[in-house]
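So you can see what is in the structure, the chains are spelled out below.
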Amino acid sequence: SQTIHQWPATLVQPVGSPLSLECTVEGTSNPNLYWYRQAAGRGLQLLFYSVGIGQISSEVPQNLSASRPQDRQFILSSKKLLLSDSGFYLCAWSGAADEGTQYFGPGTRLLVL
Amino acid sequence: AQSVTQLDSQVPVFEEAPVELRCNYSSSVSVYLFWYVQYPNQGLQLLLKYLSGSTLVESINGFEAEFNKSQTSFHLRKPSVHISDTAEYFCAVTYTGGGNKLTFGTGTQLKVEL
């Protein structure tokens, strides 16, 4: 069966510090991968998605970036965090035959102080 | 482009009462529709989905949703809620051939009270 992992689970970082959040998927090959941010009362905002290694599409311009160095690894990064980067970050995957269904990881709660 | 509207940000309901969480979508093409549930500090879990065929879809824990093309709605219902149903519920849409990119509503917080 497929599983999706995210770490860390929680993170407290000062403004201006760098960020690296990792997401890995097991039990499937060539998944589509997604990064979302969830802010209170605002639903889910798609940040990045990837259909293959090195292929990243950005949905929202911001100071975040994403990379996919391996087939089942998706990394969200920032060189300098802003207060507004605080939120709950969710990684998800879908298969080519899943007709829109996405499967979510447990999330990382980021607090920027 | 498609969009999803969940008009109710919070829905309080007593245990064993029925509940309906509303979802309306906007799209000019054929769509797939989803309901996800999120328990506190967890990721989203797929509750049910409509892809094609019967317009009434059910989940394993008693929820159901009906796709209504004329009203562009996909409301979620349960005839009798339990305390454990307390969670946030998200409606989402993608269009056929959309590369699996979902558009989410802003969510409805269901609070079940004794």
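In this report, we go over the structure that sits alongside the text. (Residues numbered from 1 in each chain as written. Chains lettered and ligands numbered in written order. Predicted model: local features only at pLDDT ≥ 70, side-chain atom pairs only at ≥ 80, totals over all residues. Heavy atoms only, no water.)

**Description of the interface of chain B and chain A**
The criterion, for reference: When checking whether two residues touch, look at their non-hydrogen atoms; a contact exists if any pair is within 4.5 Å. In this description, buried area is defined as the sum, over both parts, of the accessible area (probe of 1.4 Å) that is lost when the two are combined. One side-chain nitrogen of Lys or Arg within 4 Å of one carboxyl oxygen of Asp or Glu is enough to make a salt bridge.
At the junction of the two partners, chain B supplies 21 residues and chain A supplies 24 residues. Roughly 1600 Å² is buried in total at the junction of chain B and chain A, and carbon and sulfur atoms are behind 51% of that figure. Along the contact surface separating chain B from chain A lie one salt bridge. Between glutamate 59 of chain A and lysine 101 of chain B there is a salt bridge, with the nearest N and O atoms lying 3.1 Å from each other.

**Digging into a nonpolar patch on the surface**
Residues and elements named next belong to chain A. Heads up, the condition is: A patch is a set of surface residues, each over 30% in relative accessible area and not in a salt bridge, joined within 9 Å for like charges and within 5 Å for the nonpolar side chains Val, Leu, Ile, Met, Phe, Trp and Tyr. To measure how exposed things are, a 1.4 Å probe is used in the Shrake-Rupley method; for residues, cover is taken only from the protein chains shown. Note on conventions: DSSP H or I runs of at least 4 residues are helices, E runs of at least 2 residues are strands, and numbering of each starts at the N terminus. Only protein chains enter the accessibility calculation, which uses a 1.4 Å probe; a residue whose area is less than 20% of its type maximum is buried, one above 50% is exposed, and one in between is partly exposed.
On the surface, Val12, Leu111 and Leu113 cluster together to form a nonpolar patch covering roughly 290 Å² of accessible area. With respect to the helices and strands, the residue leucine 113 is situated in the segment after strand 11 (108-112). Taking the relative accessible area as the measure of exposure, leucine 113 reaches 58% and is therefore exposed.

**Thoughts on the state of the cysteines**
For clarity, the threshold we go by: Cysteine sulfur pairs qualify as disulfides if the two atoms are within 2.5 Å.
Applying the stated criterion across every chain yields a total of two disulfides over all chains. Between the sulfur of cysteine 23 of chain A and that of cysteine 91 of chain A lies a disulfide, 2.0 Å long from S to S. Taking the torsion about the sulfur-sulfur bond, which here is approximately -75°, the covalent link between cysteine 23 of chain A and cysteine 91 of chain A counts as left-handed. Taken as a pair, cysteine 23 of chain A in strand 3 (residues 19-26) and cysteine 91 of chain A in strand 9 (residues 87-94) lie far apart in primary sequence, 68 residues in all. The class of cysteine 91 of chain A is buried, set by a relative accessible area of 0%. For cysteine 23 of chain B, the disulfide goes to cysteine 91 of chain B, at an S-S distance of 2.0 Å.

**Points about the pairing of strand 9 of chain A**
Residues and elements named next belong to chain A. Our working definition: Two strands are said to pair when DSSP picks up at least two bridges between them.
For strand 9, the buried fraction is high: eight of the eight residues fall into the buried class. Note that strand 4 (residues 32-38) and strand 9 share seven bridges and pair antiparallel. In the sheet register, asparagine 32 faces strand 9, and the bridge partner there is serine 94. When strand 9 meets strand 11, the two strands line up antiparallel, connected through three bridges. Within strand 11, the residue paired with tyrosine 89 across the bridge is threonine 108. Pairing of strand 9 with strand 10 (residues 103-104), which is carried by two bridges, proceeds in the antiparallel orientation. Across the sheet, residue tryptophan 93 finds its bridge partner in strand 10, namely tyrosine 103.

**Points about the packing of aromatic side chains**
The test is simple: We call Phe, Tyr and Trp rings a pair once their centres come within 6.5 Å, taking the six-membered ring for Trp, and we label the pair stacked below 30 degrees between planes, edge-to-face above 60, and tilted otherwise.
Counted under the stated rule, the structure contains 14 aromatic pairs over all chains. Ring centres of tyrosine 34 of chain A and tyrosine 49 of chain A lie 6.4 Å apart, and the angle between their planes is 25°; this geometry places the pair in the stacked category. Separated by 15 residues along the polypeptide, tyrosine 34 of chain A in strand 4 and tyrosine 49 of chain A in strand 5 (residues 44-52) bring together distant segments of the chain. A residue is classified by how much of its surface remains accessible, and tyrosine 49 of chain A, at 18% relative accessible area, is buried. Ring plane angle 75° and centroid distance 6.0 Å describe the contact between phenylalanine 104 of chain A and phenylalanine 104 of chain B, whose orientation is recorded as edge-to-face. Of this pair, phenylalanine 104 of chain A sits in strand 10 while phenylalanine 104 of chain B sits in strand 11 (residues 103-104), each in a different chain. For phenylalanine 104 of chain B, a relative accessible area of 9% corresponds to the buried category. Put simply, the rings of Tyr34, Tyr36, Tyr49 and Phe104 of chain A together with Phe34, Tyr36, Phe90 and Phe104 of chain B touch in pairs and so form one group of aromatic residues.

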